[in-house]
Amino acid sequence: SDGINTPLSRQFDALYEAIIVFAGGKNPQVKTALENLEPYDVNELIPEKPRKQDCIDEDGNFNEEEYKAEFVIWGDEKRAAKKIYTKYSQELKALMITITGQINRGLMDSIKSEATWPEINRANDTLEFIKLLRQRCYSENTTKVVCQLDLLRKTRAYINSKQENKDTLQPTLTKPRSDTK
């Protein structure tokens with residue numbers, strides 16, 4: 001499909017699926033956020049802080065060295081989680097540029113007229129932008145045709161309906177129309 005005579009809702013669905021495949025293939029957290037249209041919960045990445053009561057030996061004594069080792073591991077995992085979340089945030093924000101590049105000017109102007117657009121744009125909030133785009137595409141669930149292309153198609157259809165068998169364009173425009181068959 002060329003997208004010109006496709007309803008906006010179907011165009012949105014195709015774009016949305018492509019975005020999930022494209023961005024989700026690179027980052028599983030981005031994929032999760034896109035599928036749910038909700039930010040990824042950073043708390044899912046951060047491990048639970050070690051507890052002193054978990055470092056007690058069989059005799060009931062606190063094992064300081066075990067606790068310190070657990071704390072070092074926890075710190076390393078927390079730093080790794082922070083890096084993952086930073087990468088997720090950067091990739092999700094960069095995705096907004098990719099999406100806006102796929103939207104025609106008329107639809108983008110329509111989105112920019114929304115009251116929520118300034119905040120979405122300022123925050124570079126890809127998920128809210130997708131929600132707004134979806135709402136706009138589904139509320140205008142009609143077939144959109146580029147004006148110039150529509151005029152060209154209608155002109156061609158008109159000329160074709162006026163021409164008979166092998167007549168050229170010139171005789172059709174000057175010759176009176178014969179009886180229809």
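Summarised in this report is the structure supplied together with it. (Residues numbered from 1 in each chain as written. Predicted model: local features only at pLDDT ≥ 70, side-chain atom pairs only at ≥ 80, totals over all residues. Heavy atoms only, no water.)

1. As for the pattern of salt bridges
Item 1. Counting across every chain of the model gives seven salt bridges.
Item 2. Here Lys87 and Glu91 are joined by a salt bridge, their closest N and O atoms 3.9 Å apart. Residue Lys87 and its partner Glu91 are both found in helix α3 (residues 64-100); the two are separated by four residues, about one turn of the helix.
Item 3. For Lys87, a relative accessible area of 43% gives the class partly exposed.
Item 4. In this structure, Arg122 engages Glu119 in a salt bridge whose closest nitrogen and oxygen atoms are separated by 2.6 Å. (Salt bridge = Lys/Arg side-chain N within 4 Å of Asp/Glu carboxyl O. Helix = DSSP H or I, 4+ residues; strand = E, 2+ residues; numbered from the N terminus. Buried < 20%, exposed > 50% of the residue type's maximum accessible area, 1.4 Å probe, protein only.)

2. Here we look at helix α2 (residues 28-36)
Item 1. When α2 is considered as a whole, its buried residues turn out to be Gln29, Val30, Ala33 and Leu34. Down the axis of α2, the buried side of the element spans an arc of 135 degrees, and every buried residue falls inside it.
Item 2. Contacts made by the buried residues of α2 are with α1 (8-24), α3 and α6 (126-139).
Item 3. With a side-chain oxygen lying 2.9 Å from the backbone nitrogen of Gln29, the N-terminal cap of α2 falls on Asn27.
Item 4. One or two residues past the end of α2 sits Leu37, with phi positive at roughly 50 degrees. (Arc of directions from axis to C-beta. Contact = heavy atoms within 4.5 Å. Polar contact = N/O pair within 3.5 Å; in protein donor to acceptor, adjacent residues only side chain to side chain.)

3. Examining the packing of helix α4 (residues 105-112) against α6
Item 1. Their axes nearest at 10 Å, the elements α4 and α6 cross at an angle of 110 degrees. With respect to α6, the axis of α4 lies roughly perpendicular. The two elements α4 and α6 cross, and the hand of that crossing is right-handed. Touching Leu107, Met108, Ser110 and Ile111 of α4 are Phe129, Leu132, Leu133, Arg136 and Cys137, all from α6.
Item 2. Along the lines of polarity and charge, the residues of the contact of α4 with α6 split into seven nonpolar, one polar and one charged. (Axes fitted to C-alpha atoms, helices over the stretch in contact; angles between N-to-C directions. Parallel < 35°, antiparallel > 145°, perpendicular 65-115°, else oblique. Left-handed = near helix turned anticlockwise from the far one by under 90°. Nonpolar A, V, L, I, M, F, W, Y, C, P; charged D, E, K, R; others polar.)

4. Description of the packing of α2 against α3
Item 1. For the pair α2 and α3, the least separation of the axes is 9 Å and the interaxial angle reads 55 degrees. In this view, α2 runs oblique relative to α3, as classed from their interaxial angle. α2 and α3 meet at a crossing whose hand is right-handed. Listed contacts from α3 to Gln29, Val30, Ala33 and Leu34 of α2 are Ile84, Tyr88, Glu91, Leu92 and Leu95.

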